[in-house]
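Residue strings, one per chain:
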Amino acid sequence: MAYRATPLENGFSPSELLMGRRINTTLPIAMTQLQPYSVNKKVLEAKEERRIEGQKTNYDKHHSVRNLDELDPGQSVWITDRRVTGKVLQKTPYPRSYLVQSGRRVYRRNRKHLIPSPDFHPEPEPEDDSDVTGYQHSPADADPGCPPLMSSPQSPKTYPERASSSTEVSPDPYLVTLCGFKALQGLFDSDHKNLPADLNARIITALYDYQPNMKSSDCLICWIQLMERALINLYSLDEKLCIAHLPQFFSAAVKCWLNESEEVMLTVSITLENIVQNCFKTVNGDHMKKAVHKMFHSVEEALGYQYHKSWGHVLSVLAAFFETVGKHYKDIMMK
């Protein structure tokens, strides 16, 4: 009660701000001072602004706060938290925030994390800023494309450097990846019996690093079809090596059923059915039994409710399992 009746720094007590009047306490007070009244909001806001500004001034004075010099595009800096050198690309719309490129990666850092390097040589400014890619601030604004095929799969989107004479336009990573997948499809569509099996297997392993995200339906479809061709081609070269790669692909492909595109769902089901029918023409060996067990249960997990939109496709793939290898491995296909 005493706390709610005690005036704050702005001159008003919590009870006055909440109820528009003082409250009665154990201290004697005239009844006329307990009458309701309205607090002047403009006066209150002005007092609060002065109080906050005073706190900021005292803090800055105590901690010797000073404004750091702004950085120019192209300036070399040391990124303190990453312990690497980089080059400033541009200033973002946010206060004291910059985009800095280091190698293939682009970071957004506060000015306090960037120390200018002494070997700074400013680059000439272009005639316009059309070559500087804007920074994407939210996932909704982001490009739903895939990671560039020839760059590191963990690398975020890079930004082109400023050019003095001509404007450079960086290639669309979505189109680059899609074209790369198409080119590799041509490799496996041809009759490449001279392609070593270990190289075929290494290509399959590398493609997992470039699996598109769920928002990129076209690129995802192309990736699934490419993996199908690569696995079937590997089966013709080395059956055991192909069987060893199938469980991982089935696990990755089943998750693609979470995509809301009906075309993606259909592509996944057709691909899995084709692999089951083409890669299990002969059923023998413990290695094949273990692979079938993992593959079947990966597909079986898609009967969960989160996959309810693709249940029709899931049942179609399960039917292909029973038709192809059911009579040989019925024990692992039964609960």
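An unreviewed UniProt entry annotates the chain as RRP12-like protein of Araneus ventricosus.

Bringing the packing of aromatic side chains into the picture now. Across all of its chains, the model carries seven aromatic pairs by this definition. When the centroid spacing of 6.3 Å and the interplanar angle of 45 degrees are considered together, the rings of W223 and F249 count as tilted. Here F249 lies in helix α7 (residues 239-255) and W223 lies in helix α6 (residues 217-237), a separation of 26 residues in the sequence. Owing to a relative accessible area of 0%, W223 belongs among the buried residues under this scheme. Between F296 and F321, the aromatic rings sit 5.7 Å apart at their centres with planes inclined by 85 degrees, giving edge-to-face as the arrangement. Of this pair, F296 sits in helix α9 (residues 286-300) while F321 sits in helix α10 (residues 311-325), and the two are 25 residues apart along the sequence. According to the relative accessible area criterion, F296 is buried, its value standing at 2%. Connected via pairs of aromatic rings, a cluster forms that spans Y208, W223, F249, F250, F296, F321 and F322.

For the rest of this paragraph, the subject is the pattern of salt bridges. In this structure the tally under the stated criterion is six salt bridges. Between D60 and K56 there is a salt bridge; the shortest N-O distance is 2.8 Å. Remark: K56 and D60 occur in helix α3 (residues 41-62); sequence separation between them is four residues, near one turn of the helix. Between D198 and R202 there is a salt bridge, and its shortest N-O distance comes to 3.8 Å. With D198 and R202 both in helix α5 (residues 197-207) and four residues apart, this pair spans about one turn of that helix. Judged by relative accessible area, which is 45%, D198 ranks as partly exposed.

Reading the values: rules and limits
Residues numbered from 1 in each chain as written. Predicted model: local features only at pLDDT ≥ 70, side-chain atom pairs only at ≥ 80, totals over all residues. Heavy atoms only, no water. Phe/Tyr/Trp six-rings, centres within 6.5 Å; stacked < 30°, edge-to-face > 60°. Helix = DSSP H or I, 4+ residues; strand = E, 2+ residues; numbered from the N terminus. Buried < 20%, exposed > 50% of the residue type's maximum accessible area, 1.4 Å probe, protein only. Salt bridge = Lys/Arg side-chain N within 4 Å of Asp/Glu carboxyl O.

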